[in-house]
Amino acid sequence: MTPESELEFCEYVQDARTALLRTAYLTCGDWHRAEDAVQTSLIKLYGAWNRTRRGTVDAYTRRILANVLVDQTRRGWFRRERTYADPPDHADETDAAEGQAEAAAILARLPLKQRATLVLRFWEDRSVEETARILRCSTGTVKSNTSRGLRTLREHYATSSLASEGSKR
C-alpha cells in the first residue's frame, strides 16, 4: 500500500469508526462484540483498500461488518456468552441509560437479519435498495424483514416499561 493510500485509509477509519461501532452495537447488542466486529471489518477492509472504489467504500465496509457479525453468531461460544451492557457513553445518566438498555434488549430479541435490516434502514437511513445491496438480498427480503422486525418490536415495546413511560409524557 502506498503512503498516500494508507493515509487515505487512516482518514476513512477516523471518520467512520464511531458510526460503524454504533451500527454494530445496534445489530448485535453487545459493545464488546461490536468492537471486535468493527476491528475485524477494518482489518479486512485494509487488505482490500487498494481494490475498493472510494464512492462505495461505506456500503462495502458495512457489508463486511454484516458478514463478520453473521459469522460471529455461527460460533458455539456465541450462544452461551451474551451480554447486554449499557453503552459506555451513557453510564452516568441512569434513567436514559436504563431506557436505552431496555430498547437495546428489545432490539436484541430480533433475529440477526431483521435487526441488521432495521439498523441499516432506520438508524443509518439507508434506502431499501441500498440495504439490499449491503446485505446481498432482494428488495423484497428487505421489505419483509423490515415489516416483521417492526411488528415484533411493536409487540415487545407494548409489554415493556418504555411503553408506560411514553404515555406519561
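For the structure, see preceding data.
All values derive from a computational prediction rather than experimental measurement.

A. Seen up close, the pattern of salt bridges. Counting across every chain of the model gives 5 salt bridges. With a shortest N-O distance of 4.0 Å, Arg 62 and Asp 58 are connected by a salt bridge. Separated by 4 residues within a single helix, Arg 62 and Asp 58 lie in helix 3 (residues 57–73), roughly one turn from each other. Look at Arg 62 and you get buried, because its relative accessible area is 9%. Several salt bridges share partner residues, and in doing so they unite Asp 58, Arg 62, Glu 124, Arg 126 and Glu 130 into one network.

B. Summary view of the environment of Leu 135. Mapped onto the fold, Leu 135 is located in helix 7 (residues 128–135). Given a relative accessible area of 7%, Leu 135 falls into the buried group. Each C-alpha atom of the pair Leu 135 and Ala 116 lies 8.3 Å from the other, and the pair is 19 residues apart in sequence. Once residues lying within four places of it in the same chain are set aside, the contact partners of Leu 135 are Arg 63, Ala 66, Ala 116, Thr 117 and Leu 120.

C. Structural context of the packing of helix 6 (residues 112–123) against helix 7. In contact at an axis separation of 10 Å, helix 6 and helix 7 are set at 135 degrees when each is read in the N-to-C sense. The pairing of helix 6 with helix 7 is recorded here as oblique in orientation. You can see that helix 6 and helix 7 cross each other, and the crossing is right-handed. Taken together, the residues of helix 7 that come into contact with helix 6 (itself represented by Ala 116, Thr 117, Leu 120 and Arg 121) are Val 128, Thr 131, Ile 134 and Leu 135. Residues of the contact of helix 6 with helix 7, tallied by class, amount to 5 nonpolar, 2 polar and 1 charged.

Basis of the calculations
- Residues numbered from 1 in each chain as written.
- Predicted model: local features only at pLDDT ≥ 70, side-chain atom pairs only at ≥ 80, totals over all residues.
- Heavy atoms only, no water.
- Salt bridge = Lys/Arg side-chain N within 4 Å of Asp/Glu carboxyl O.
- Helix = DSSP H or I, 4+ residues; strand = E, 2+ residues; numbered from the N terminus.
- Buried < 20%, exposed > 50% of the residue type's maximum accessible area, 1.4 Å probe, protein only.
- Contact = heavy atoms within 4.5 Å.
- Axes fitted to C-alpha atoms, helices over the stretch in contact; angles between N-to-C directions.
- Parallel < 35°, antiparallel > 145°, perpendicular 65-115°, else oblique.
- Left-handed = near helix turned anticlockwise from the far one by under 90°.
- Nonpolar A, V, L, I, M, F, W, Y, C, P; charged D, E, K, R; others polar.

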